[in-house]
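# Architecture at a glance
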Amino acid sequence: MSTVEDFFAQHDDWPWNPPRPGRATFHYLIAVTEGELRHDVDHVTRTVAPGQWLWVRPGHAQCWHPPGAARGPFILFEPDVLRPDLARLLAPLTAHEAPAVLSPHPDDTAWLQQTALQLLDEHRALGRRPLDIHHALRRSLLESLLLRLAHSPGVAPIGTVTAGTGRADRYARFLDALELHFRELHQAADYAELLGCSVRTLSRAAQDATGKGVRELIDERRLLEARRLLRGAQWDARTVAVHLGFTDPANFGRFFRDRTGLTPSAFAAGESPILPPRSLG
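Among the residues of helix α7 (residues 188–195), A188, Y191, A192 and L195 are the ones counted as buried. Looking straight down α7, one finds that the buried residues subtend no more than 105° of arc, so they occupy a single side. Those residues of α7 hidden inside the fold are in contact with α6 (166–181), α8 (199–210) and α9 (214–232). Among the residues trailing α7, G196 stands out with phi positive, at a value near 70°.

This is the structure:
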């Protein structure tokens, strides 16, 4: 737990001079209270204005920009810090495909910022209270903050992935399965079998949630991973092709070029401006 200004000051010229993409392994949650923050998430530059929050989730590719005049609390936490029951409740907010920039309702802005500052104060109070009390207070403040953020416009309502029945639940379970198996399972029938439903039933759930077909969503997830590995991890095209289950690197090249207009090597070399993703996340 820190502030944007302290974080940049402590790290001086890293990692934004020169900017270098990397893969997030923690949750990065930043509230902007002053100035404007620019940050690349999955190769798209996001601009975060005062009152908005940036959320980079584990697995996302990110790249820092120079800090400018941005100010505000910066919360960094591990994926397993939330209690299982609360993690299920907050699944729409912590999901891989949830919005990177949150714009809470204006009535919530001051409360959210104040709670974030209280969390920062408790983080800095290490040694002031018994350690178990200190950790419990930090957890409680973080959970309260996330529950309030979960009602931001653009975030699926709490409970939509925990209802237990219906198309929303089926689509949520598909997303979980896709995140686990997109490297080796590439057909709608694969996921229908995994979820114990028909392809038609799964397709309806996907159409209701996104307006897209299951195969399109699978391809988008594979493309997103390819972009992350080529630009962020700097893998070569052949290695990425194998990692994503392509039996022939040439097929991967066509797959990537048809969807981005670039060859994998051209994208990896940064020969063209970064394109908006057509994918989840």
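After presenting the structure, the write-up continues.
For the rest of this paragraph, the subject is the sheet that holds strand β3 (residues 27–31). Reading across the sheet, the five strands line up as β1-β8-β3-β6-β9 and stay open at both edges, with antiparallel pairing between neighbours. The open sheet has two free edges, formed respectively by β1 (2–3) and β9 (101–102), since each of these has just one partner strand. In terms of strand pairing, β3 meets strand β6 (residues 53–56) through four bridges, oriented antiparallel. What sits directly across from Y28, in β6, is V56. Across the sheet, helix α4 (residues 106–123) is in contact with β1, β6 and β8 (73–77); its angle to β8 comes to roughly 65°.

All right, on to the environment of V242 then. The residue V242 is located in helix α10 (residues 237–243) in this model. Assessed through its relative accessible area of 58%, V242 is described here as exposed. Along the sequence, V242 and R183 sit 59 residues apart, while their C-alpha atoms lie 9.0 Å from each other.

Attention now goes to helix α1 (residues 4–11). Three or four residues apart is the spacing at which side chains of an α-helix point the same way, because the helix has 3.6 residues per turn. Of the residues making up α1, those classed as buried are V4, F7 and F8. For α1, the arc enclosing every buried residue in end-on projection is 95°, short of the 170-degree limit, so these residues lie on one face. Seen from the buried face of α1, the exposed residues on the opposite side, beyond 90 degrees, are A9 and Q10.

It is worth spelling out the nonpolar core at this point. Ranked by internal contacts, the top residues of the largest apolar core, which has 31 residues, are F174, Y191, L202 and F252. Going through the elements one at a time, α6, α7, α8, α9, α10, α11 (249–260) and α12 (264–269) are the ones with two or more residues in this core. Counting residues per element, this core draws most heavily on α9, which supplies seven residues. Among the nonpolar cores identified, the runner-up in size contains 23 residues, and M1, L102, L120 and V155 belong to it.

Calculation notes
Residues numbered from 1 in each chain as written. Predicted model: local features only at pLDDT ≥ 70, side-chain atom pairs only at ≥ 80, totals over all residues. Heavy atoms only, no water. Buried < 20%, exposed > 50% of the residue type's maximum accessible area, 1.4 Å probe, protein only. Helix = DSSP H or I, 4+ residues; strand = E, 2+ residues; numbered from the N terminus. Arc of directions from axis to C-beta. Contact = heavy atoms within 4.5 Å. Pairing = 2+ DSSP bridges. Axes fitted to C-alpha atoms, helices over the stretch in contact; angles between N-to-C directions. Core = buried A, V, L, I, M, F, W, Y, C linked by side-chain atoms within 4.5 Å.

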